[in-house]
Amino acid sequence: MTSSAMPLELLHQAGRILSLPLDIIMPDGRALHLEEIRRVLPGQRYVGVASFAGRTVLAKFLVGNKAAKRFAAEKSGVLLLAEQSLPTPPLLDSGFAENAGWLLFEYLVGAKTLAEKLTGEQYRETVFRAAAAVAQLHAQGLWHKDLHPGNLLEQEGKLFWIDGDGIRAEQPRRALSSARALDNYALFLAQLPLCQTLAENSIAALCAAYQTVNPASGEGWRSSTLARAVARRRQTRLRNWLGKIKRDCSDFVRRQNGWRGAFGLTMVRREEADKLAPLLADPDAFIARGEICKDGGTATVALVTLNNRQLVIKRYNIKNLRHRLSRSWRESRAWVSWREGNRMLALGMETAKPLAVIEERSFWLRGRAWLIMEHVEGENALIRLQSPEQRKEIDAIKTLLAELEAARLSHGDMKGTNLVWREGSERWALLDLDSMRAHRCDFACRRARRRDLARLLQNWPDATSLLRQTLVEPQV
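As a convention, each chain's residues are numbered from 1 in the sequence order in which they are written. Under the rules for a predicted model, residues below a pLDDT of 70 receive no local features and side-chain atom pairs below 80 are neither given nor counted, while totals for whole chains, interfaces and linings still include all residues. Each side-chain value is worked out from all heavy atoms of the structure, with water and hydrogens disregarded.

Draft legend 1. Fine view of the overall build of the protein chain. Assigned secondary structure in the protein chain consists of 16 helices and 23 strands. Atoms counted for the radius of gyration: C-alpha only. Globule rule: 2.2 Å times residue count to the power 0.38. Its C-alpha atoms give the protein chain a radius of gyration of 25 Å, within 12% of the compact-globule value 23 Å for 476 residues. For the C-alpha atoms alone, the extent of the protein chain along its principal axes is close to 75 × 55 × 35 Å. Burial analysis of the protein chain (476 residues in total) assigns 48% to the buried set. Between the centroid of the 71 positive side chains of the protein chain and the centroid of its 53 negative side chains there is a distance of 7 Å. Helix numbering and strand numbering both begin at the N terminus, where a helix is a DSSP run of H or I of at least 4 residues and a strand a DSSP run of E of at least 2. Think of it in three bands: with a 1.4 Å probe and only protein chains considered, a residue is buried below 20% of the maximum accessible area for its type, exposed above 50%, and partly exposed in between. Only four residue types enter the charge count: Lys and Arg as positive, Asp and Glu as negative, with His and the chain ends excluded. Lys charges are placed at NZ, Arg charges at CZ, Asp charges at CG and Glu charges at CD.

See below:
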């Protein structure tokens, strides 16, 4: 394939989509052959895999009005890591000219982010190795202001720090202050699945793992103190994430004023936008050709196939004029499901992944709406729990209820068909989220939780003492 060419100083005009392969012409005349894009912040930052001077590199380009500041921060962070002998991909080449900067790092073949490794049987081992890496960073007086599992790479069992623009120093080579270390470690733990940090023994073990490597910064920490810090950080992160799901950004595409009426709205995950384009253009046509799972007055649910992939479309109908008037001023139930599905995924809880939401709008008045989700395969609770003595499944329900409580969420319609067992994770996926609520006060949350539990137990009116003792007693 023939490569096109672009001077580095014009890269800020490229937008989000680059035509690859692409030769980037550096200010000094050297050429870099860009083969793959990993991350894009349009007009500001481009990260990808490239060939340069006969070797494969990870290239980071910083362009736009803030390029000089971001280049300085990135290079400073990389040098801080190297000076403290902390593992980070070697910086091979860098420079800044004509409002554009470049940093070329050694490409770590086969490396994966920690986020990709936090699955399956190696979860616990991976987390504790990451905890040790964070403690080592803090022991050298450094911290990462954007500390998340995606900013640690693993190659052949070794962890490497990346994204140097987030590295900050308090006093290099002197252990980080306890308060700063606690907050930064809590930021990392807040991004682990909620179920992994609920139990006191889990937090205690993670606290001890840190203190073993860096006792100076972790001196005096208690598991309860760490748990509160994690909860605060999780809440802040969740608030920021829920702000992203309603605007055009690196993760989501927002389209307005489309075929769904004046101010009609479509939100879709960016990585799904092209794949779902035919469905988003005419969801009703797919419903008509699909397998109807429910065809009620207020909602129609269909299982459809697109590109050999099974998806679920839920259309929220308008029954009559009175119903239209009652729904037009409020958030659509599709939007509630979109928001709460994304909330649950951000918390590491199991649900059908929401891929897109469409709303008909006439100015500010809402009409019909569609929610497109991944299809969750598995047995629902009415089928799976034929015997109420099934300890594994009952304990998983208990964990789900604890997660909802910790997140101050209530479901609103916890019938057996809305719980689907996922064999791979051995957890329950919670579906049908259009009645889910996030509560601000403990009293309202406890009251709603009791209603959820009562509705859940109605599925098994003859439940044995094991089911009731496991679910009821810890919750009341």
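Draft legend 2. Representation of the packing of aromatic side chains in the model. Classification of ring pairs rests on two measures: the distance between centres of Phe, Tyr or Trp rings, Trp counted by its six-membered ring, which must be within 6.5 Å, and the angle between planes, read as stacked under 30 degrees, edge-to-face over 60 and tilted in between. Inspection of the entire model under this criterion finds 7 aromatic pairs. With centroids separated by 4.8 Å and ring planes inclined at 35°, the aromatic side chains of Tyr185 and Tyr210 adopt a geometry described as tilted. Taken together, the positions of Tyr185 in helix 4 (residues 178–189) and Tyr210 in helix 6 (residues 200–213) put the pair 25 residues apart, joining distant regions of the chain. Each of the two residues, Tyr185 as well as Tyr210, counts as buried. A connected cluster of aromatic rings, assembled from ring pairs, spans Tyr185, Tyr210 and Trp221. Distance and angle both matter: a charge sits over a ring if NZ of Lys or CZ of Arg is within 6 Å of the ring centre and within 35 degrees of the ring normal. Above the ring of Trp143, the side-chain terminus of Arg180 is found at 4.1 Å from the ring centroid. The aromatic ring of Phe286 is capped on one face by Arg289, whose charged end is 4.6 Å from the ring centroid.

Draft legend 3. Spatial organisation of the nonpolar core. Throughout this description, the term nonpolar core refers to a set of buried Ala, Val, Leu, Ile, Met, Phe, Trp, Tyr and Cys residues connected via side-chain atoms within 4.5 Å. Trp338, Leu404, Trp428, Leu430, Leu456 and Leu471 are the most contacted members of the largest nonpolar core, which has 49 residues in total. With 6 residues, helix 14 (residues 391–406) is the single largest residue contributor to this core. Ignoring anything within four residues of it in the chain, the contact list for Leu404 reads Met349, Leu409, Met414, Leu430 and Met436. Leu80, Leu114, Ile167 and Tyr210 belong to the second-largest nonpolar core, a separate cluster that totals 39 residues. Here, two residues are considered to be in contact whenever any of their heavy atoms come within 4.5 Å of each other.

Draft legend 4. Representation of a positive patch on the surface in the model. Patch members must show over 30% relative accessible area and no salt bridge, and they are joined within 9 Å when carrying like charges or within 5 Å when they are nonpolar side chains of Val, Leu, Ile, Met, Phe, Trp or Tyr. Method for areas: the Shrake-Rupley scheme with a 1.4 Å probe, in which residue coverage is limited to the protein chains shown. For salt bridges, the criterion is a side-chain nitrogen of Lys or Arg within 4 Å of an Asp or Glu carboxyl oxygen. A contiguous patch of positive charge, built from Arg437, Arg446, Arg447, Arg450 and Arg451, is present on the exposed surface. A total of 4 residues in the positive patch trace back to one element, the largest contributor, which is helix 15 (residues 442–457). For Arg446, the position within the fold is in helix 15.

Draft legend 5. The arrangement of the sheet that holds strand 8 (residues 112–113) in detail. Taken together, the 3 strands give an open sheet; going across it, the order is 8-10-11, and neighbouring strands pair in antiparallel fashion. The sheet terminates laterally at strand 8 and strand 11 (158–161), the two strands that pair on one side only. One ladder, built from 2 bridges, connects strand 8 with strand 10 (residues 152–155); its direction is antiparallel. Opposite Thr113, over in strand 10, you have Leu153 as the bridge partner. Inter-axis angles, ranging from 0 to 180 degrees, are taken between N-to-C directions of lines fitted to C-alpha atoms, where helices are fitted over the stretch in contact. Strands in contact with helix 3 (residues 123–139) are strand 10 and strand 11; relative to strand 11, the strand with the most contacts, it is inclined by about 45°. One bridge is not enough; two strands pair if DSSP finds at least two bridges between them.

Draft legend 6. Representation of the side chain of Thr300 in the model. Relative to the elements of secondary structure, Thr300 occurs in strand 16 (residues 299–306). A residue is classified by how much of its surface remains accessible, and Thr300, at 2% relative accessible area, is buried. Here a polar contact is recorded for every N or O atom pair within 3.5 Å, except that within protein the pair must consist of a potential hydrogen donor and a potential acceptor, and residues adjacent in sequence are included only if both atoms are side-chain atoms. A distance of 3.1 Å separates a polar atom in the side chain of Thr300 from a polar atom in the side chain of Asn317. Dropping the residues within four chain positions of it, Thr300 is found in contact with Ile287, Ile292, Lys294, Asp295, Ile313, Lys314, Arg315 and Asn317.

Draft legend 7. Just the packing of helix 14 against helix 15, in detail. At a minimum axis separation of 11 Å, helix 14 and helix 15 run at an interaxial angle of 155°. In terms of axis orientation, helix 14 runs roughly antiparallel to helix 15. At the point where helix 14 passes helix 15, the crossing takes the right-handed sense. Only Cys445, Arg449, Leu453 and Leu456 of helix 15 make contact with helix 14, whose side of the interface consists of Ile397, Leu401 and Glu405. Residue composition of the contact of helix 14 with helix 15, by class: 5 nonpolar, no polar and 2 charged. For this classification, under 35 degrees means roughly parallel, over 145 means roughly antiparallel, 65 to 115 means roughly perpendicular, and everything else is oblique. In this scheme the handedness of a crossing depends on how the near helix is turned from the far one: anticlockwise by less than a right angle means left-handed, clockwise means right-handed. When residues are grouped by polarity, Ala, Val, Leu, Ile, Met, Phe, Trp, Tyr, Cys and Pro land in nonpolar, Asp, Glu, Lys and Arg in charged, and all others, Gly among them, in polar.

Draft legend 8. Summary view of the sheet that holds strand 15 (residues 291–295). Pairing within the open sheet is antiparallel, and its 7 strands lie in the order 13-14-18-19-17-16-15. In this open sheet, the two strands that pair with only one neighbour each are strand 13 (252–256) and strand 15. Adjacent strand axes in the sheet meet at a mean angle of 15°, parallel and antiparallel pairs treated alike. Pairing analysis gives 8 bridges linking strand 16 to strand 17 (residues 309–316), with the strands arranged antiparallel. If you follow Ala302 over to strand 17, its bridge partner there is Ile313. Seen against the sheet, helix 12 (residues 333–346) touches strand 13, strand 14 (265–269), strand 17, strand 18 (354–362) and strand 19 (365–374) and runs at an angle of roughly 155° to strand 18.

Draft legend 9. Structural view of helix 14. Multiply 1.5 Å by the residue count of a helix minus one, and that product is the helix's expected span. The terminal C-alpha atoms of helix 14, which comprises 16 residues, lie 22 Å apart, in line with the 22 Å expected from a rise of 1.5 Å per residue. Directly beyond the C-terminal end of helix 14, a positive phi value near 55° is found at Arg408.

Draft legend 10. Representation of the pattern of salt bridges. Following the criterion strictly, the structure yields 33 salt bridges and no others. The shortest N-O distance in the salt bridge between Arg30 and Asp28 comes to 2.8 Å. For Arg30, a relative accessible area of 30% puts it in the partly exposed group. A residue is classified by how much of its surface remains accessible, and Asp28, at 48% relative accessible area, is partly exposed. Two residues, Glu74 and Lys60, come together in a salt bridge whose shortest N-O distance is 3.1 Å. Of this pair, Glu74 sits in helix 1 (residues 67–83) while Lys60 sits in strand 5 (residues 55–63), and the two are 14 residues apart along the sequence.

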